[in-house]
Amino acid sequence: MSLLSGNPQASVGQPGQSATPSKGLYLESYGCQMNLADSEIILGSLAAHGYEPVETAAQADVVLLNTCAIREHAEQRVAQRVRQLIAERRDGRRMRIGLAGCMAQHHREKLLDEIPGLDFVVGPDGYRRLGQLLEAGEAVADVRLDQHETYADIAPRRGEGVRAWLTIMRGCNRLCTFCVVPFVRGRERSLPPEVLIEDLENIVAQGYKEVVMLGQTVNAYSYGDVDFAQLLERAAEVDGIERIRYTSPHPADMSERTIETLARTPKVSPYVHLPLQSGSDRMLSAMERGHDVDQYRRLLAKLRDAVPAIAVSTDIIVGYPGETDEDFEATSAFMEEMNFDHAFLFKYSAREGTRAFKLEETLSEDEKGARLQRLIAEQEARAARINQELLGSVTEVLVESKAKKQEGWLAGKNPQFKTVVFDPRTAAIGELVKVRIEAAGSHTLRGRQV
Ligand code: 5AD
């Protein structure tokens, strides 16, 4: 029997089998896609304890925020939100409010003192025990990291839509100096390929069209003798899956084999998010990224050679301690040279527990802000210019929703993961349709179904 179908937790919560009446669970997710996927594991795990998702916090027996710790701002937002939820709690102690995920792991039981009224704290490796934790009468924390925990036997409860998340590995072994992830998510571990392929078959059977393989360093996937390239290949053989994406790969883990597989596997979308962080060798070395600027340049050239239609996005941190004007200019120039389709740009945020935390910051918030604004403006212009070149061309869109602004129009992503808003002829949500691009901005393409 497979691990997934053998999962006792997956069936206990089925209608008619639950001994206790259902309890309401209200869940908000913050941060990365991995957290969205973890929230689906939480829902799957708690279904076995009689919890069903509800739409508002007011209806809930348990309120859970699945949190992010990547930058201070992410934590401040959650701290504010949870205080607000605690203040709005009208029924005394009955409703339990807790924090899950990376911020929970980062601050651990301290949070119970710092946020009066908070009932529980659970880290990314504690979700299996969450049902029991919720039965505790007093305020509790479960922040034990477990380097073997993969939740391979817990069926996630996925949300609606055309896109399904599939966590293929957890944790990170890279230890970049600025990054809190290894400390809050622990070391790398991959899920068995049979479990993943079976889950992918479920994903198709449930009607999803696109799968996004997730991992903190997704291309470091390794289980027995199956590496990331082989997993992609096996996934592409699953009947009925239209598109396969993955995020986020680490440049230093991008093998030749993976690149070859990308080149000859059309179901894998021609899109890669390849975090760069800085275009200065001095900074890359200080951050211990494991590659220099020229290695990144050559990697991208290879990827573009292998997959000519590929779109590339990146992550950049400005204002890492010691970043000079020269370093910053190098980043700006290298971003232009790499001609990124999109970039996620961040001000450096010192995170307790990381090696960079001990370094003195050399730039003020205003100086970091000014650098950030400049890169944003340059990237907007670059993306608009790249997208303008698509005018008149026809692209394939996986339709995922109604357009937000235009009555009667639909929206979706093209293979390059660009948002396309279009005037439909016959299209419906969940279909792949051809759209001719008639207008292009820095973030959105607009057109008409052909
Ligand atoms: N400060 C700012 N940005 C950070 N990131 C990770 N850690 C930090 C930090 N301490 C960014 C990196 C990473 C993305 C997910 O978040 O760019 O790729």
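Residues numbered from 1 in each chain as written. Predicted model: local features only at pLDDT ≥ 70, side-chain atom pairs only at ≥ 80, totals over all residues. Heavy atoms only, no water.

Q: Just to check I follow, could you spell out the sheet that holds strand E2 (residues 51-53) for this structure?
A: Sheets are built from strands paired through backbone hydrogen bonds, the pairs being either parallel or antiparallel. Across the sheet, which stays open at both edges, the six strands sit in the order E2-E1-E3-E4-E5-E6 with parallel pairing between neighbours. Every interior strand has two partners, whereas the edge strands, E2 and strand E6 (140-142), have only one. The mean inter-strand angle of the sheet, taken between neighbouring strand axes irrespective of direction, is 20°. In the sheet, strand E5 (residues 120-122) pairs with E6 via three bridges, with the strands oriented parallel. Across the sheet, the residue bridging to Val121 is Ala141, located in E6. Contacts between helix H2 (residues 33-47) and the sheet are confined to strand E1 (23-29), E2, strand E3 (62-67) and strand E4 (96-101), with E1 contributing the most and set at about 170° to the helix. The strands touched by helix H3 (residues 72-88) are E1, E3 and E4; relative to E3, the strand with the most contacts, the crossing angle is about 175°. (Pairing = 2+ DSSP bridges. Helix = DSSP H or I, 4+ residues; strand = E, 2+ residues; numbered from the N terminus. Axes fitted to C-alpha atoms, helices over the stretch in contact; angles between N-to-C directions. Contact = heavy atoms within 4.5 Å.)

Q: Teacher, can you tell me more about the site of the ligand here?
A: Around the ligand, a shell composed of Ile70, Arg71, Phe178, Gln277, Asp315, Ile317, Phe346, Lys347, Tyr348, Ser349 and Arg351 is seen. Separating an oxygen atom of the ligand from a side-chain N or O atom of Asp315 is a distance of 2.6 Å. Contact between the ligand and Ser349: a nitrogen atom at 2.7 Å from a main-chain N or O atom of the residue. The protein chains hide 87% of the 410 Å² of surface that the ligand would expose on its own. Secondary-structure elements contributing two or more residues to the shell around the ligand are strand E15 (311-318) and strand E16 (342-347). (Near = heavy atom within 4 Å. Polar contact = N/O pair within 3.5 Å; in protein donor to acceptor, adjacent residues only side chain to side chain. Areas by Shrake-Rupley, 256 points an atom, 1.4 Å probe, with all protein chains shown as cover.)

Q: Sorry, what's going on with the nonpolar core here?
A: Grouped burial of nonpolar side chains is what soluble globular proteins tend to show. One finds Ile168, Met213, Ile244, Tyr246 and Leu303 to be the most contacted residues of the largest nonpolar core, which totals 53 residues. Dropping the residues within four chain positions of it, Leu303 is found in contact with Ile259, Leu262, Val272, Leu274 and Ile310. Ala57, Val78, Leu85 and Met95 belong to the second-largest nonpolar core, a separate cluster that totals 22 residues. (Core = buried A, V, L, I, M, F, W, Y, C linked by side-chain atoms within 4.5 Å. Buried < 20%, exposed > 50% of the residue type's maximum accessible area, 1.4 Å probe, protein only.)

Q: Explain the packing of helix H9 (residues 228-236) against helix H10 (residues 256-264) to me, please; I cannot follow it from the model alone.
A: Interhelical geometry of H9 versus H10 gives an angle of 20° and a closest axis separation of 8 Å. In terms of axis orientation, H9 runs roughly parallel to H10. In this structure, H9 crosses over H10, and the sense of that crossing is left-handed. Contacts between H9 and H10 involve Phe228, Ala229, Gln230, Leu232 and Glu233 from the first element and Arg257, Thr258, Thr261, Leu262 and Arg264 from the second. Partitioned by chemical class, the residues of the contact of H9 with H10 number four nonpolar, three polar and three charged. (Parallel < 35°, antiparallel > 145°, perpendicular 65-115°, else oblique. Left-handed = near helix turned anticlockwise from the far one by under 90°. Nonpolar A, V, L, I, M, F, W, Y, C, P; charged D, E, K, R; others polar.)

Q: How should empty space enclosed by the protein be read in this particular structure?
A: To find leftover empty space, a probe the size of one water molecule is rolled over the atoms. According to the stated counting rule, one finds one cavity of 30 Å³ or more in the structure shown. In this structure, the largest cavity occupies an estimated 160 Å³ of space. Residue lining of the largest cavity: 17 residues in total, with Ile41, Pro156, Arg158, Thr167 and Asp199 positioned closest to the centre. Secondary-structure elements contributing two or more residues to the lining of the largest cavity are H2, strand E7 (163-167) and helix H8 (193-205). Considered class by class, the residues forming the lining of the largest cavity number twelve nonpolar, two polar and three charged. (1 Å grid on protein atoms, 1.4 Å probe; cavity = no way out; pocket = protein on both sides within 12 Å on 5 of 7 lines; lining within 4 Å. Points joined across faces, edges and corners; volume = space filled by probe spheres on them.)

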